[in-house]
Amino acid sequence: MMLRVANLHVGYGSINAVRGIDLQMNQGELVCLIGANGAGKTTTLKALAGMLLPTQGSITLWDQPITTLASHQRVQHGIALAPEGRGIFARLSVRENLLLGAYLRDDHHAVELDLQQMYALFPRLSERTRQIAGTLSGGEQQMLAIARALMSRPSLLLLDEPSMGLAPIMVQKIFTTIRAIAAQGMTILLVEQNAKLALQISQRAYVMENGRITLSGVAAALLANPQVQQAYLGG
Amino acid sequence: MRPGLNKLQTGWHALQRDRRSVVITWLALGLILACLPFLTELSLGRSWVRILDFTLLYIMLALGLNIVVGYAGLLDLGYIAFYAVGAYLYALLASPQFGLHWPVWAILPLGALVAGVFGVLLGAPTLKLRGDYLAIVTLGFGEIVRIFLNNLNTPYNITNGPQGISQIDPIQIGGIDLHQTQHLLTLTIPSTHLYYYLFLIFTLLIIFVSIRLQDSRIGRAWIAIREDEVAASAMGINTRNIKLLAFAMGASFGGISGGLFAGFQGFISPESFTLFESIIVLCMIVLGGMGNIAGVILGAILLTIFPEALRYLGEWQQLLLGRVWVDPNDLRLLIFGLALVLSMIFHPAGLLPSTRRARELHARRSILAQEQDSLYEQQR
């Protein structure tokens, strides 16, 4: 087991956004976490990335407890987050953004190679290396956020709502790329509101509701589940 | 591959051709800097060499503040406090106040260290603050330090209060007293000139450190924090330590500069470390070009020399108009303020903006334009 989350509680002040969830991931898996607005998906992801500290419960990565580590320490442990709303450095260039993704790495030569690999994975970015990231389109910014997260050579990639605010054609493109990254062996936890697309590309899935996990299982099975279909797939 | 290689070759040739002119430029610059005090004395008089000395002190201060404000984006309005810490440390350790007479080479590093500690003291409680809020706290910090210095004469007399500390030991290097005119072969070097050379060495040192920091991993981390702190921490940057480092580094530059000031001046009092001084140093980096070393130096030079030059306004009025109509001191600040406003209107990124800052200003406009476009689309 690569990632094990047990009885995780996370709150903002007195509000409990996540109320005791359990979640496991194996290496190389693409798992999605779906649910309605305000179900606690993003909060869960933030807790995994160390942006929020849980009030209860534990997170272990490769049997090592990482529950109390700060976000910058989790990057050292191999967790990378492409945050919701992209969280890119809007006034820095595409290349500078990508290099900051590799901030903790000392292997300059390998970083340069990875940079080329990212450009191969996202050709749109290679045409815009010197462009200011804030002037990219929404889809390109999302690509940049994912590429930047990959630059740290993570063992676990966390993606928060990569489809948010994007045109359908761009959403298709992003999801194709996510599948390609997963096919290369990356372990990915995908948080998505677009349940249908997320279930289609994932192996397993968790359904969240009011801070709790209500359903989980093989993605294809959930896709066929009438309960899920009615609640999240528009009947 | 081929065009890239060609470009590389022409670039290399250009470099080879250029290397000569680069060397010549540097040699000329070095020669000018070496002769500057003598040329200044000949053309403008001894008092202007003193102004030159102060210019160098301000360049050091501005470069220190540039680390905090320009690189890390932490608005500090109490920066002069670190200058005060360095100056008072020198004054207390090398004056009759406590009967201590430490050598300058012991005091200056200690001054940098103590100022750095003060920087961390300011930084630690303000880690979560940004922008206006940070500015207010730092402003308060600067005033607290000054008021402490003003009042630490009772119950134990440490700082001698508002009277300040006088008879501070002049800086001595290898038995050479910088307060005495020195003779080198046939050359007579007055004290102001000696201080000029000493300050020049320290200024060059601080410029060197600034350049190295800018291109380092730490420099990149500062920029990331300035842009987006949450995203920076998601990149694995320890934002707390990196911010404290910015405060400490900036403060230590101020501490060194303050120590040199105390030794040069021979007398210090809390009056030298008012909020106005903090604001002036901030103006230097904003006017010159935040984050760009050359710009910051230019800003420091202009804002030190310009107000001094405006002192001649009285004489000019006398000469041109027959009598002094407006007190030159009032006019001086007025014109000074007007010049700042004008330069901010026409050069919002500073006279010599860093390439990044210029791009950012440009980008911010196009981001705004884009957002407006999309808003417009939505409304339709």
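Everything numeric here is computed off the predicted structure, so don't read it as measured data. (Residues numbered from 1 in each chain as written. Chains lettered and ligands numbered in written order. Predicted model: local features only at pLDDT ≥ 70, side-chain atom pairs only at ≥ 80, totals over all residues. Heavy atoms only, no water.)

## Digging into the domain arrangement of chain A
Residues and elements named next belong to chain A. Per the domain assignment, the segments of chain A are domain 1 (1–78 + 157–235) and domain 2 (85–153). A straight line from the C-alpha centre of domain 1 to that of domain 2 covers 23 Å. In this assembly, 17 residues from domain 1 lie in contact with 14 residues from domain 2. Sorting the residues of domain 1 by area buried against domain 2 places Met170, Ile174 and Ile181 first, and these three jointly supply 28% of that buried surface. Run the count over domain 1 and domain 2 and you get zero salt bridges. Across the contact surface, domain 1 and domain 2 share zero residue pairs in polar contact (both at pLDDT 80 or more). Contributions of two or more residues to the side of domain 1 that touches domain 2 are made by α2 (71–76), β7 (156–160) and α7 (168–183). Ranked by residue count, the leading element in the side of domain 1 that touches domain 2 is α7, at six residues. Tallied by class, the residues present in the side of domain 1 that touches domain 2 amount to 11 nonpolar, four polar and two charged. (Domains from an automatic or database assignment. Contact = heavy atoms within 4.5 Å. Buried area = accessible area lost by both parts, 1.4 Å probe. Salt bridge = Lys/Arg side-chain N within 4 Å of Asp/Glu carboxyl O. Polar contact = N/O pair within 3.5 Å; in protein donor to acceptor, adjacent residues only side chain to side chain. Helix = DSSP H or I, 4+ residues; strand = E, 2+ residues; numbered from the N terminus. Nonpolar A, V, L, I, M, F, W, Y, C, P; charged D, E, K, R; others polar.)

## Quick look at the packing of helix α4 (residues 104–123) of chain B against helix α9 (residues 239–265) of chain B
Residue and element names in this part refer to chain B. The N-to-C vectors of α4 and α9 enclose an angle of 140°; their axes lie 7 Å apart at closest approach. Classified by the interaxial angle, the pair formed by α4 and α9 is oblique. At the point where α4 passes α9, the crossing takes the right-handed sense. Contact residues: α4 offers Leu108, Gly111, Ala112, Ala115, Gly116, Gly119, Val120, Leu122 and Gly123, while α9 offers Leu244, Phe247, Ala248, Ala251, Ser252, Gly255, Ile256, Gly259 and Leu260. (Axes fitted to C-alpha atoms, helices over the stretch in contact; angles between N-to-C directions. Parallel < 35°, antiparallel > 145°, perpendicular 65-115°, else oblique. Left-handed = near helix turned anticlockwise from the far one by under 90°.)

## Section: the pairing of strand β10 (residues 212–218) of chain A
Residues and elements named next belong to chain A. In this structure, strand β9 (residues 204–209) lies alongside β10, joined through six bridges in antiparallel fashion. Within β10, the residue paired with alanine 205 across the bridge is glycine 217. Following β9, the chain reverses through two residues before pairing antiparallel with β10; asparagine 210 in that reversal takes a positive phi of roughly 50°. (Pairing = 2+ DSSP bridges.)

## A word on the sheet that holds β9(A)
Residue and element names in this part refer to chain A. Strand order in the open sheet formed by six strands is β6-β7-β8-β3-β9-β10, with mixed pairing between adjacent strands. A strand with exactly one partner marks an edge of an open sheet, and here the two such strands are β6 (79–82) and β10. Strand-to-strand twist across the sheet, computed as the mean angle between neighbouring axes with direction ignored, equals 15°. Alignment of strand β3 (residues 30–35) against β9, held across five bridges, turns out to be parallel. Looking across to β9, one finds that cysteine 32 is bridged to alanine 205. Lying over the sheet, helix α6 (residues 138–150) contacts β6 and β7, oriented at roughly 170° with respect to β6. Here α7 sits on the sheet in contact with β3, β7 and β8 (187–192), set at roughly 155° to β8.

## Regarding the packing of helix α6 (residues 191–214) of chain B against α9(B)
Residues and elements named next belong to chain B. Contact geometry for α6 and α9: axes closest at 11 Å, N-to-C directions at 180°. It follows from the interaxial angle that α6 and α9 lie roughly antiparallel. Contact with α6, carried on its side by Tyr195, Leu198, Phe199, Phe202, Ile206, Val209, Ser210 and Leu213, involves Met249, Phe253, Ile256, Leu260, Gly263 and Phe264 of α9 and no other residues of that element. When grouped by side-chain class, the residues that make up the contact of α6 with α9 number 12 nonpolar, two polar and no charged.

## A short note on helix α2 (residues 46–71) of chain B
Residues and elements named next belong to chain B. Here α2 contains 26 residues, and its C-alpha end-to-end distance of 36 Å stays within 8% of the 38 Å for a straight helix at 1.5 Å per residue. If you look at α2, its biggest bend is around 35°, right at leucine 65. Of all 26 residues in α2, 23 are buried, a share of seventy percent or more. Just downstream of α2, glycine 73 is the residue with a positive phi angle, here 70°. (Expected span 1.5 Å × (residues − 1). Bend = angle between axes of the 7 residues up to and from the residue. Buried < 20%, exposed > 50% of the residue type's maximum accessible area, 1.4 Å probe, protein only.)

## So, unusual backbone geometry
Comment: phi is negative for the bulk of residues other than glycine, and the bulk of peptide bonds are trans. With an omega dihedral of -10°, the bond running from Thr154(B) to Pro155(B) counts as a cis peptide bond. The topology assignment puts Pro155(B) in the loop between α5 (131–151) and β3 (172–173). The residue Trp62(A) is not glycine, and still its phi comes out positive at about 50°. Looking at where Trp62(A) falls in the secondary structure, it is placed in the loop between β4 (56–61) and β5 (64–65). On the basis of relative accessible area, Trp62(A) is assigned to the partly exposed category, the value being 42%. Of note, the phi angle at Glu161(A) is positive, near 50°, even though the residue is not glycine.

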